[in-house]
Amino acid sequence: MARLRKVLVTGATGTVGRQVVAALADAGAEVRALARDPEAARLPAGVQVMGGDLSEPDTLHASLAGVGVVFLVWPFATAEGVTAVLDVVAEHARRVVYLSSAAVREHEQQVEQLIEGSGLEWTFLRPHVFAANTLRWAGQIRVEGVVRAPYGAAAMSPLHERDIAAVAVHALTGHGHAGAIYELTGPESLTQAEQVHIIGEVIGRPVRWAEVSPETARQQMLARGWPPAAVDGILGAQAEMVTEARLATSTVEEVTGAPARTFRTWVTDHAGAFGDTMKAARIHEYGDAGVIRHEEVPRPVPEPDEVLIRVAAASYNPSDAALRSGFLQAVLPVDLPYTLGFDVSGTITQVGSDVGAFTVGDRVVGRLDYGGAAAEYVATPADALVKAPATISLADAAAIPVAALTAWQAIHEHAHLTVGQRVLINGAGGGVGLFAVQLAKHTGATVVATASGRSAAAVRTYGADQIIDYTRTPIADALDGRVDAVINLAAISPEAAAELVLLVRPGGVIVSIATPVETPADAQVTAVHFVARNDLKQLTEIVELIDTGALIVDVSESHPLADLALVHRKSEAGQTHGKITIIP
């Protein structure tokens, strides 16, 4: 591989872009990825993810600094704006590899022409039919084992996205590709009906093709919101492929030295999308974090009053570890094996016959009182969910339900904070604390918060008026006078809990979600210990506060589902803070 400066990949979270990033990283290239939402990108470790938007060229300069070559995905249906983007690219880079298509539609022709006139070295990739297009059949295959579509005899050579990425990496990092136009296909011509048969063989159950008329297919596609021009273009191309099969090219092998991957290989790589299984984090017995298994399990089927959610994220709560350890058996008995996870955010993919509040495609968030969120999919009663916030990423929304509801009920139902009161929040650096500080400030109270040095900056961001580093200074020494309320969010000793009581004025209240607090009879302080409940009205109000900017959702760490046991170990060792999301 030639030694180049950094490679910038646009469209880095898309089907092809994600594979290009991974292949470049595997090849040892210096990779920088462009994403509109860097925190939600979930790209390989070591990849520098930069914020930016092709529709706003001025946002690209930072991501292009030091870059020598760019992988360009143009996601728009017109070439408007390309010139401005190319001008910015040309200030930094010397080469561009553009992902065009074999159709070379009008706007793609225009983009190619503008690149040719930009003064940049260029290479054009023109992939033919993506194997990933067959994912549109996945729902039918899972539910019926049948694909109902027109033109089963249409023959094409499906292309694995990893082969597009392999060619892209050679063009981005090697010599001899300037001015090249690569027509890319898979290695074999297959009819659509043959593709369906291969899917069935790979997933181990029969799948058949059922021919429908082009007119019926057109109406169905229009009903799903497809633009008429796109529908007619797709159906027209398929009709042509019945009489004129799209032959395979050898370009992938010529460029990379390795033959293109077969469609069977692609299906094997994506079998989970067509099958009725999923990955989940489960326990088969109570014990330490080692009892958590990341395993293949049946995908749930929703009951009439349930919806099926494709999980964007779950989140970790201390109650997850307590349940896993067996400490909650008396109050929350569960059947083993049991899928962990009380918080969920995701997209509804299936709706039960009795559900009227939601439709397929809705983005939702909720607290699942019986768990199940630590999985790729979860079926749950629709009345456990509300619409997810529109102003934050869907994955970050998983940080909300348990922690925010706990904070809400502590502040409003038990402490009854009002304007002008003074509250001490003990343990403000944790997941509940981030919401408790903000909600307390929202009432107009003055907030004193305890937090360690590593959490202090975040707690200050949430609006705390005073921060006490309890690792350095006794709380009583740092506190100027008594407070109207103490909200204890930390697992502390009974002795430490008794000391907190002394900080509350007569007539005040101490609310704890952790260690129960005993108050002396003469203290004139009310003590409350509670376990938060699910409340959709409160959760809806919390979402509204987030969307208006009155409440911040701060995710301190995100981990893949396969690493859930590691998260449990770190938490129990006191090595975590804030809210942690778990990504399937």
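Our structure is the block above this text.
This is a predicted model, so every value here is computed, not measured.

So, how was this worked out
- Residues numbered from 1 in each chain as written.
- Predicted model: local features only at pLDDT ≥ 70, side-chain atom pairs only at ≥ 80, totals over all residues.
- Heavy atoms only, no water.
- Helix = DSSP H or I, 4+ residues; strand = E, 2+ residues; numbered from the N terminus.
- Buried < 20%, exposed > 50% of the residue type's maximum accessible area, 1.4 Å probe, protein only.
- Areas by Shrake-Rupley, 256 points an atom, 1.4 Å probe, with all protein chains shown as cover.
- Lys, Arg positive; Asp, Glu negative; His and termini not counted.
- Charge placed at Lys NZ, Arg CZ, Asp CG, Glu CD.
- Axes fitted to C-alpha atoms, helices over the stretch in contact; angles between N-to-C directions.
- Parallel < 35°, antiparallel > 145°, perpendicular 65-115°, else oblique.
- Contact = heavy atoms within 4.5 Å.
- Nonpolar A, V, L, I, M, F, W, Y, C, P; charged D, E, K, R; others polar.
- Pairing = 2+ DSSP bridges.
- Expected span 1.5 Å × (residues − 1).
- Core = buried A, V, L, I, M, F, W, Y, C linked by side-chain atoms within 4.5 Å.
- Salt bridge = Lys/Arg side-chain N within 4 Å of Asp/Glu carboxyl O.
- Phe/Tyr/Trp six-rings, centres within 6.5 Å; stacked < 30°, edge-to-face > 60°.
- Polar contact = N/O pair within 3.5 Å; in protein donor to acceptor, adjacent residues only side chain to side chain.
- Left-handed = near helix turned anticlockwise from the far one by under 90°.

Enquirer: Explain the overall build of the protein here, please?
Expert: Counting its regular elements, the protein contains 20 helices and 27 strands. Overall, the C-alpha framework of the protein stretches about 90 × 55 × 40 Å when taken along its three principal axes. The 584 residues of the protein split such that 51% are buried. Summed over its atoms, the accessible surface of the protein is roughly 25400 Å², and 51% of this surface lies on carbon and sulfur atoms. With 43 positive and 65 negative side-chain charges, the protein shows a separation of 2 Å between the mean positions of the two kinds.

Enquirer: When you look at the packing of helix H14 (residues 401–414) against helix H19 (residues 536–547) in this model, what are you seeing that I'm missing?
Expert: The axes of two packed helices give the description: the angle between them and the distance between them. In the contact formed by H14 and H19, the axes pass within 10 Å of each other and the chain directions differ by 100 degrees. Compared by their axis directions, H14 and H19 come out roughly perpendicular. Between H14 and H19, the contacting residues are Pro401, Ala404, Leu405, Trp408, Gln409 and Glu413 on the first element and Gln538, Leu539, Glu541, Ile542 and Leu545 on the second. Taken together, the residues of the contact of H14 with H19 sort by class into 7 nonpolar, 2 polar and 2 charged.

Enquirer: I would appreciate a short explanation of the sheet that holds strand S4 (residues 67–72) in the present structure.
Expert: Strand pairing in a sheet takes place through backbone hydrogen bonds and is either antiparallel or parallel in direction. With respect to topology, 7 strands assemble into an open sheet ordered S3-S2-S1-S4-S5-S6-S9, the strand pairing being parallel. Looking at which strands have only one partner, the edges of the open sheet turn out to be strand S3 (48–51) and strand S9 (181–184). On average, each strand axis in the sheet is inclined to that of its neighbour by 20 degrees, with strand direction left out of account. The sheet contacts of helix H4 (residues 106–116) involve S4, strand S5 (95–99) and strand S6 (121–127), and relative to S6 the element is tilted by about 160 degrees. In the packing of helix H6 (residues 161–173) onto the sheet, contacts are made with strand S1 (6–9), S4, S5, S6 and S9, and the angle to S5 comes to roughly 165 degrees.

Enquirer: Sorry, what's going on with helix H1 (residues 15–26) here?
Expert: Note on helix geometry: an α-helix contains 3.6 residues per turn, so any two residues three or four positions apart are oriented the same way. End to end, H1 covers 17 Å across 12 residues, agreeing with the expected 16 Å (1.5 Å per residue, within 8%). Next to the buried residues of H1 lie S1, strand S2 (31–35), S4, S5 and H6.

Enquirer: Sorry, what's going on with unusual backbone geometry here?
Expert: At the junction of Leu336 and Pro337, the peptide bond is cis and its omega measures out at -5 degrees in the coordinates. With respect to the helices and strands, Pro337 occurs in the loop between helix H13 (318–325) and strand S15 (338–339). One non-glycine residue, Tyr151, lies in positive phi territory at about 60 degrees. Among the structural elements, Tyr151 can be located in the loop between strand S7 (146–149) and strand S8 (155–156).

Enquirer: How do you make sense of the nonpolar core when you look at a structure like this?
Expert: Nonpolar side chains tend to gather and get buried jointly when the protein is soluble and globular. With 50 residues, the main nonpolar core has Ile400, Val423, Ile425, Phe435, Val437 and Ile487 as its most contacted residues. For this core, the elements supplying multiple residues, two or more each, are H14, strand S20 (422–426), helix H15 (431–442), strand S21 (446–450), helix H16 (453–462), strand S23 (483–488), strand S24 (504–512) and H19. Excluding residues that lie within four positions of it along the chain, Val423 makes contacts with Leu417, Ala440, Ala445, Thr446, Val447, Val448, Ala485 and Ile487.

Enquirer: Which parts of the structure should I look at to understand the pattern of salt bridges?
Expert: Pairing between side chains of opposite charge can happen when the charged atoms of each approach one another. Tallying each qualifying case throughout the model produces 22 salt bridges. Measuring nitrogen to oxygen at the nearest pair gives 3.2 Å for the salt bridge that ties Glu296 to Lys279. Pair noted here: Glu296 is in strand S13 (residues 292–298) and Lys279 is in strand S12 (residues 277–283), with a separation of 17 residues, a long-range link. Overlapping salt bridges bring together Glu112, Arg126 and Glu183 as one network.

Enquirer: Would you take a moment to explain the pairing of strand S17 (residues 363–367) for this structure?
Expert: Side chains on a regular strand alternate between the two faces of the sheet. Of all 5 residues making up S17, 4 are buried, and the element is well covered by its neighbours. Examined bridge by bridge, strand S16 (residues 343–351) and S17 share 5 bridges and lie antiparallel to one another. The residue of S17 that forms the bridge with Ser345 is Val365. Across 3 bridges, the pairing between S17 and strand S19 (residues 385–387) is antiparallel.

Enquirer: What's the story with the packing of aromatic side chains in this structure? I'm lost.
Expert: Within a pair of aromatic rings, the relevant descriptors are the distance that separates the centres and the angle that separates the planes. Counting across every chain of the model gives 6 aromatic pairs. Here Trp122 and Phe124 contribute two aromatic rings whose centre-to-centre distance is 4.2 Å and whose plane-to-plane angle is 20 degrees, an arrangement assigned as stacked. On the accessibility criterion, Phe124 (1% relative accessible area) is buried. Ring centres of Trp137 and Trp209 lie 5.8 Å apart, and the angle between their planes is 80 degrees; on these two criteria the pair is classed as edge-to-face. Here Trp137, found in the loop between S6 and helix H5 (138–143), pairs with Trp209, found in strand S11 (residues 208–211); they are 72 residues apart in sequence, far enough to count as distant.

Enquirer: What should I look at first to understand the environment of His529 in this one?
Expert: Relative to the elements of secondary structure, His529 occurs in strand S25 (residues 526–529). Relative accessible area serves as the criterion here: at 41%, His529 is assigned to the partly exposed category. Between the C-alpha atoms of His529 and Leu328, which are 201 residues apart in sequence, the distance is 16 Å. Residues contacting His529, with those up to four places away along its chain left out, are Ser512, Ile513, Ala514, Thr515 and Pro516. A distance of 2.7 Å separates a polar side-chain atom of His529 from the backbone oxygen of Ala514.

Enquirer: Sorry, what's going on with the packing of H14 against H15 here?
Expert: Following both chains from N to C, one finds H14 and H15 inclined at 45 degrees, their axes separated by 8 Å at the closest point. One way to sum up the angle between H14 and H15 is to call them oblique. Between H14 and H15 lies a crossing whose hand is right-handed. Taken together, the residues of H15 that come into contact with H14 (itself represented by Ala403, Ala404, Thr406, Ala407, Trp408 and Ile411) are Gly431, Val432, Phe435, Ala436, Leu439 and Ala440. For the contact of H14 with H15, a count of residues per class yields 10 nonpolar, 2 polar and no charged.

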